[in-house]
Amino acid sequence: MVDYHAANNQSSSGAVQTYMEQENDWDRDLLLDPAWERQQRKTFTAWCNSHLRKAGTQIDNIEEDFRDGLKLMLLLEVISGERLPKPERGKMRVHKINNVNKALNFIASKGVKLVSIGAEEIVDGNVKMTLGMIWTIILRFAIQDISVEETSAKEGLLLWCQRKTAPYKNVNVQNFHISWKDGLAFNALIHRHRPDLIDYDSLRKDDPVTNLNNAFEVAEKHLDIPKMLDAEDIVGTVRPDEKAIMTYVSSFYHAFSGAQKAETAANRICKVLAVNQENEQMMEDYEKLASDLLEWIRRTIPWLENRNQEKTVKDLQAKQEDFRDYRCVHKPPKVQEKCQLEISFNTLQTKLRLSNRPAFMPSEGRMVSDINGAWHTLEGAEKGYEEWILSEIRRLERLEHLAEKFHQKAAIHESWTDGKEAMLTQKDYETSTLAEVKALLKKHEAFESDLAAHQDRVEQIAAIAQELNQLDYYDAANVNARCQKICDQWDILGALTHSRKDSLERTEKQLESIDELYLEYAKRAAPFNNWMEGAMEDLQDMFIVHNIVEIQDLITAHEQFKSTLTEANMEREAIQSIQAEVQKIAQSNGIKLSGSNPYTTITPESIDNKWERAMAMVPQRDNALQEELNKQKSNDTLRATFATQANAVGAYIKDKMEEIGRISIEMNGTLEDQLTNLKEYQTSIMSYMPEINKLEGYHQLIQEALIFDNQYTKYTMEHLRVGWEQLLTTIARTINEVENQILTRDAKGISQEQLYEYRASFNHFDKKRSGQMVSDDFRALLISTGYSLGDTEFARIMSIVDPNGSGAVTFQAFIDFMSTETTDRDTADQVIASFKILAADKNYIMAEELRRELPPDQAEYCIARMAPYTGPDAVPGALDYMSFSTALYGESDL
């Protein structure tokens, strides 16, 4: 029969008292039901006899045979294994009452509160009180200490029945009355543990009497469980007595207690293996995520380091748009992946510490520090790429402006030199009169003046070409060729001019008549004409500015030019008056003019035409400058708008970073409250995202407007992006830290008060309020908690809380250490002992034993990883569970 001694001696009086107070409210009214009373009499009598027969006696009438207290005391000695006080052998009522009181006092000493049950009622043979007393004894010594998966007593017994009968059809155990009426549950319990005794498939649900008799007879014959009820009593009752069924079923539980131990051992192994499998999956997930992120960084950095120059601003702006797409579309998910990678790594390390496993060391090059290093390189390349793009845009804008200016000046110069070589090489002076030769000489002097005036333009053209070469202009070859052609032609013109002048001077002595007025006209018209051409060139000059000051300087220069127009107009009128004087003298002296000034090709009509064109260009220049001024004012407004938003966002990020720093140190309430508050705080931070997007919109407008500086703010978009990402990452890390503290608390059984005490102590010695403390402060913290520290012991503790030797101790490391010091953990020895139970005390275990006791996936997990057993008692197929268990807690990688 069942031995209750060990279990009873281990139970705590507090647990007993709690359970018995729930069960000892004896419902005496139920005993008024004859069927229930009859079932209890049979069951309780059989139960008592199953123990009394160990002492060589029994009872026949439960309310009569316990009246003198002798057999009652004997029953308690048998089931408890303890000696009661010596009974009184007298036959008087007082002797009987004293014996019963000794038994009741013994029951009370076991933490059982007896309600309304007195010795006099038992001595008087009160059947209700006697059955109530026996039920109290059964509860205390047969049912109370049943424990299954953290449930005990009645709930534990019910859970045990449900688990054992779950695989059987037509069995659904929900209680201890009607669920047992058809007898299938009793047969299922026997078949689960002794399938050789029951042919379960031959049983029929519609034949409960046969089922019940079969189970009761097999139990009595083969399991030494006496028959406590008749099948007819159960079938003939609408609702069988719950206490009778519980008493009967508890006998089955204790009969199969050995199998229960194996189940407990299997549960321990399942728990350990489940932790190991989950940790391995997290390691695989971390490795894959780290590999993918590093591969993305590896592929992205060469793209950011590409410095292939483009030929036009439009082509470079396409690159800038690709970069903006990378910043806004491709990079943000990778930022989230990097944050999730750090959170996964921290969570995995916490779980490994809590389950007493070695720390996780990622593959070479995939540490969090490696990823941070690669990320830092990526951001450096990203910053360099953005700066290069902006620099290239400025360079190409400058190049396009210079190239346009070069071609404009070259076209003007080529137009002026057109035909000049032919003019300088003609021999017209050889057949001309003296007056004509003298006129040719004067005309040549005017040409020389004009030639000297064009010298500045040629030098400007050469200077622009040189600057284009220095700035690596893509069409520099054509520019150089055109510039060289102009310079060569200029040298030829100089040589031809010098040669023609020599020829004219040789014949000058023959020229005596010269028209002074024509000469004067030519001398004054040529510079004025050159001035007008320069003025028109300046009025048509391309300009590029970057701020209001530069455009205002151009407007000031233009206004100064306009102020000289009156004087220029007076010069024009003076030149025209010379031509008018020529006409007047010719008319008054009857001179017939040839129709053109022999000293110049500049006619009064051409001067007037150029003057009118120049005057028409002035308002056009006014409009162009005003439009550029408006544009720069608009750009300045964009700068101010961006600066206002950037200053607000920068201040917001700074305030929130300081605030989350305070929150991480001064957390109040339970960890769940802190976690909820932090997630709400995270949600409130994310609600600020529209402001960031608004700022990104302003930044895009700034870039599209080609604005490269902003005097209204110290913040750049890059600086604010980094700050925003750092704020989101800090909040996520703080949430992860609280989640890890919850994991630590739940796994180690740390109370909320202990966590408050740990946090208060840590904050007291964290003088910098940084969430970390140096070793000296940490030593003071340990001493304040009661540690007596020598240098060797403190070095040991520091190696635990600061394995990397950084010199700083975090709060998470502190509570991990304190929880490790104060709580139990699974060990390799415990797991080996559990396997030994499953292996029936053998030094090895067979695959079929693992498949029978463990869930399929965990059984196959063990079989795949256990090495063959090679001991002297080895048999074919034997597996070595000892080395497997040791590896779970060692450094080897399963």
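Placed above this text is the structure.
### Things to note about the nonpolar core
Then, number 1: Counting 77 residues, the largest nonpolar core has Ile137, Trp180 and Phe186 as its most contacted members.
Then, number 2: In terms of residue count, the dominant contributor to this core is helix α7 (residues 127-143) (12 residues).
Then, number 3: Residues contacting Ile137, with those up to four places away along its chain left out, are Trp47, Leu72, Leu76, Ile79, Ile107 and Ala142.
Then, number 4: The next biggest cluster of nonpolar side chains, apart from the first, holds 47 residues, and it includes Leu695, Met717, Met798 and Phe811.

### Comments concerning the environment of Ile815
Then, number 1: Here Ile815 lies in helix α30 (residues 811-822).
Then, number 2: The class of Ile815 is buried, set by a relative accessible area of 0%.
Then, number 3: In sequence terms Ile815 and Arg759 are 56 residues apart; their C-alpha atoms lie 8.7 Å from each other.

### Topic: the packing of aromatic side chains
Then, number 1: Using the criterion set out here, one finds 26 aromatic pairs in the structure.
Then, number 2: Measuring from ring centre to ring centre gives 5.0 Å for Tyr168 and Tyr200, while their planes differ by 65°; the resulting arrangement is edge-to-face. Linking Tyr168 in the loop between α8 (153-165) and α9 (184-193) with Tyr200 in the loop between α9 and α10 (208-222), this pair joins segments that are 32 residues apart in sequence. Here Tyr168 matches Tyr200 in class, with each residue buried.
Then, number 3: Pairing Phe528 with Trp611 gives two aromatic rings, centres 6.2 Å apart and planes at 25°, and the pair type is stacked. With Phe528 in helix α20 (residues 516-539) and Trp611 in helix α23 (residues 604-665), this pair connects stretches of sequence that are 83 residues apart. Here Phe528 and Trp611 have matching classes, each one buried.
Then, number 4: Here a set of aromatic residues connected by ring pairs shows up, and it is made of Phe176, Trp180, Phe186, Phe216, Tyr248 and Phe252.
Then, number 5: Between the NZ or CZ atom of Lys420 and the centre of the ring of Trp416, over which it lies, the distance is 4.8 Å.
Then, number 6: The ring centre of Phe794 lies 4.2 Å from the NZ or CZ of Arg779, which sits over that ring.

The rules behind these values
Residues numbered from 1 in each chain as written. Predicted model: local features only at pLDDT ≥ 70, side-chain atom pairs only at ≥ 80, totals over all residues. Heavy atoms only, no water. Core = buried A, V, L, I, M, F, W, Y, C linked by side-chain atoms within 4.5 Å. Buried < 20%, exposed > 50% of the residue type's maximum accessible area, 1.4 Å probe, protein only. Helix = DSSP H or I, 4+ residues; strand = E, 2+ residues; numbered from the N terminus. Contact = heavy atoms within 4.5 Å. Phe/Tyr/Trp six-rings, centres within 6.5 Å; stacked < 30°, edge-to-face > 60°. Lys NZ or Arg CZ within 6 Å of the ring centre and 35° of its normal.

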